[in-house]
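Per-entry structural report
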Amino acid sequence: MSTVSSAMAAAAMTVDYVPATQLPALLDDPRVLAIFGFHAGAAAPACTDPRYLQVGLQAYGAPQLEVWRSRTPVRSGRDGHGVAWASDGALMFGALQIDETAAGGILGGSQQAYTQLLAALARHGYPHLLRIWNYLDAITEGEGDQERYRQFCVGRARGIGTIDAATLPAATAIGRVDGVRVLQVYWLAARAPGIPLENPRQVSAYRYPRQYGPQPPSFARAMLAAPGSELPLLLSGTASVVGHHTLHADCTARQLEETFTNFDALIGAARQHAPGLPPQFGANSRLKVYVRDRAEMAQVEQQLSQHLGPQVPRMLLHATVCRRDLRVEIDGVHGG
């Protein structure tokens, strides 16, 4: 398993992928910090536990759960402000689900989500965002600056407010294909700050030129824990982008190869701060692979098997990437 811990306490948690049939047992485990189910439609289980979040993405193959488990018992609940949360005294999981229609659209929904998120961090005493995931339906719908992802970026920046870009967390923003206009945002926060990292092969997302929208995306390429901690390298959504340009728009296989070249560079940058990190993905890595074309998922899994072998746990999900010319994206954790 991949180990995660706080830099301010001895607490730790593991990240793993397990069969969906284990959900009842996991809900009975007081050390479970968070559980993520990836289901689309009626196949999703009903669950009201605040530690469980159903993400409306369909997995390839047998359904799996992503599980964050602490070494110590956690507290959990819903705080009356729309936030589901769990914490172990060192790390905090939180989640929000915003009805876009009630918020006036995706711009208003993302602004509301990030305003509420930052308020929740202050209330619960976990001021340092390490990692955020954003899932929204039809992410590339709309033309020009009215594209939903561009509108999401504007709302997110308004919700965050004034911030030093060099302190932004790692993040993923992925499009669901379920037709449900609910913005899902969940995060990992801590008592101590991590070290945001950039990829030497890529322009920092927050410095993208105007051609990508009125507001550049607000995230770091990865997050490394504070020195002395055991938190793994938290990898943002990574794709076939070099500089700020998409490469190999017509070929999923080549995009996947370019994505792994980007990961090699990113892990290399992280190893300058943490030389003990493995230089390549292995048994202590966990990867989520988002594939635009459902018909290509078997092909992508075959290529992953050739590149990674069986030792790297992974989950393939049918999803839409935030650029129309990107066919695949990968995020996850590494080392620990």
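Residues numbered from 1 in each chain as written. Predicted model: local features only at pLDDT ≥ 70, side-chain atom pairs only at ≥ 80, totals over all residues. Heavy atoms only, no water.

1. Structural notes on the nonpolar core
The nonpolar side chains of a soluble globular protein tend to be buried with one another. Threshold: Put simply, a nonpolar core is a bunch of buried Ala, Val, Leu, Ile, Met, Phe, Trp, Tyr and Cys residues held in one set by side-chain atoms that sit within 4.5 Å of each other. The buried label goes to any residue with under 20% of its type's maximum accessible area, the exposed label to any with over 50%, and the partly exposed label to all in between, with areas taken from a 1.4 Å probe on protein chains only. Helix and strand definitions here come from DSSP, where helices need a minimum of 4 consecutive H or I residues and strands a minimum of 2 consecutive E residues; each element is numbered from the N-terminal end.
Residues Tyr114, Leu117, Ile132, Phe152, Leu183, Val185 and Trp187 are the most contacted members of the largest nonpolar core, which totals 37 residues. A per-element tally of this core places helix α3 (residues 106-124) first, with six residues. Counting 34 residues, the second largest nonpolar core, distinct from the first, contains Leu53, Ala86, Tyr135 and Leu317.

2. A look at the sheet that holds strand β20 (residues 328-334)
Let me state the cut-off plainly: Only strands joined by at least two bridges in the DSSP assignment are considered to pair. For this analysis, residues touch if any pair of their heavy atoms sits within 4.5 Å. For every element, the axis is a line fit to its C-alpha atoms; helices are fit only across the contacting stretch, and the angle between N-to-C directions ranges from 0 to 180 degrees.
Reading across from one edge, β5-β19-β18-β20-β15-β14-β13 is the order of the seven strands in this open sheet, with mixed pairing throughout. Two strands bound the open sheet, and with one partner strand each, they are β5 (58-59) and β13 (195-197). Examined bridge by bridge, strand β18 (residues 286-291) and β20 share six bridges and lie antiparallel to one another. Within β20, the position partnered with Tyr290 by the bridge is Glu329. On the sheet, helix α5 (residues 252-271) packs against β13, β14 (222-224), β15 (233-238) and β20 and is oriented at approximately 30 degrees with respect to β20. Each of β18 and β19 (314-318) is contacted by helix α6 (residues 297-308), which is oriented at about 160 degrees to β19, the strand it contacts most.

3. As for α3
Applicable threshold: The span expected for a helix works out to 1.5 Å for each residue beyond the first.
The end-to-end C-alpha distance of α3 is 26 Å, a good match for the 27 Å that 19 residues give at a rise of 1.5 Å each. Looking only at α3, the buried set comprises Ile106, Leu107, Gly109, Ser110, Ala113, Tyr114, Gln116, Leu117, Ala120 and Leu121. Here the buried face of α3 lies against β9 (91-99), α2 (100-103), β10 (128-137), α4 (148-160) and β12 (182-190). At the C-terminal side of α3, Gly125 shows a positive phi close to 80 degrees.

4. Overview of unusual backbone geometry
Phi is positive for Ala138, close to 50 degrees, though the residue is something other than glycine. For His248, which is not glycine, the phi torsion reads 60 degrees and is therefore positive. Looking at the element boundaries, His248 is found in the loop between β17 (245-246) and α5.

5. Focus: the sheet that holds β9
Pairing is mixed across the open sheet formed by six strands, whose spatial order is β7-β8-β9-β12-β10-β11. Pairing within the sheet leaves two strands with one partner each, and these edge strands are β7 (75-78) and β11 (170-176). Mean inter-strand twist for the sheet, computed between neighbouring axes without regard to direction, equals 10 degrees. Where β10 meets β12, seven bridges bridge the pair, whose relative direction is antiparallel. Considered in β12, the bridge of Tyr135 is made with Gln184. Sitting on the sheet, α3 touches β8 (84-87), β9, β10 and β12, and the angle it makes with β12 is about 25 degrees. α4 rests against β10, β11 and β12 of the sheet, and its axis sits at about 145 degrees to β10.

6. Here we look at the packing of α5 against α6
What counts here: The hand of a helix crossing depends on one turn: near helix anticlockwise from the far one by less than a right angle means left-handed, and clockwise means right-handed. Each residue gets one of three labels, nonpolar for Ala, Val, Leu, Ile, Met, Phe, Trp, Tyr, Cys and Pro, charged for Asp, Glu, Lys and Arg, and polar for the others, Gly among them.
At a closest axis distance of 11 Å, the pairing of α5 and α6 adopts a crossing angle of 35 degrees. Along this stretch, α5 crosses α6, giving a crossing that reads as right-handed. Packed against α5, whose contacting residues are Thr252, Ala253, Leu256, Glu257 and Phe260, the element α6 presents Gln299, Val300, Gln303, Leu304, His307 and Leu308 at the interface. Across the contact of α5 with α6, the residue classes tally to six nonpolar, four polar and one charged.

7. Let's talk about the side chain of Gln202
Counted only if it meets this: Identification of polar contacts relies on pairs of N or O atoms within 3.5 Å, with a donor-acceptor requirement for protein atoms, meaning one able to donate a hydrogen and the other able to accept it, and with residues adjacent in sequence counted only if both atoms are side-chain atoms.
Summarising the element assignment, Gln202 is placed in the loop between β13 and β14. Residue classification places Gln202 among the buried residues on the basis of a relative accessible area of 10%. Here Val241 takes part through its backbone oxygen, which lies 2.8 Å from a polar atom of the side chain of Gln202. Discounting chain neighbours no more than four positions away, the residues touching Gln202 are Arg221, Ala239, Val241, Gly243 and Asn262.

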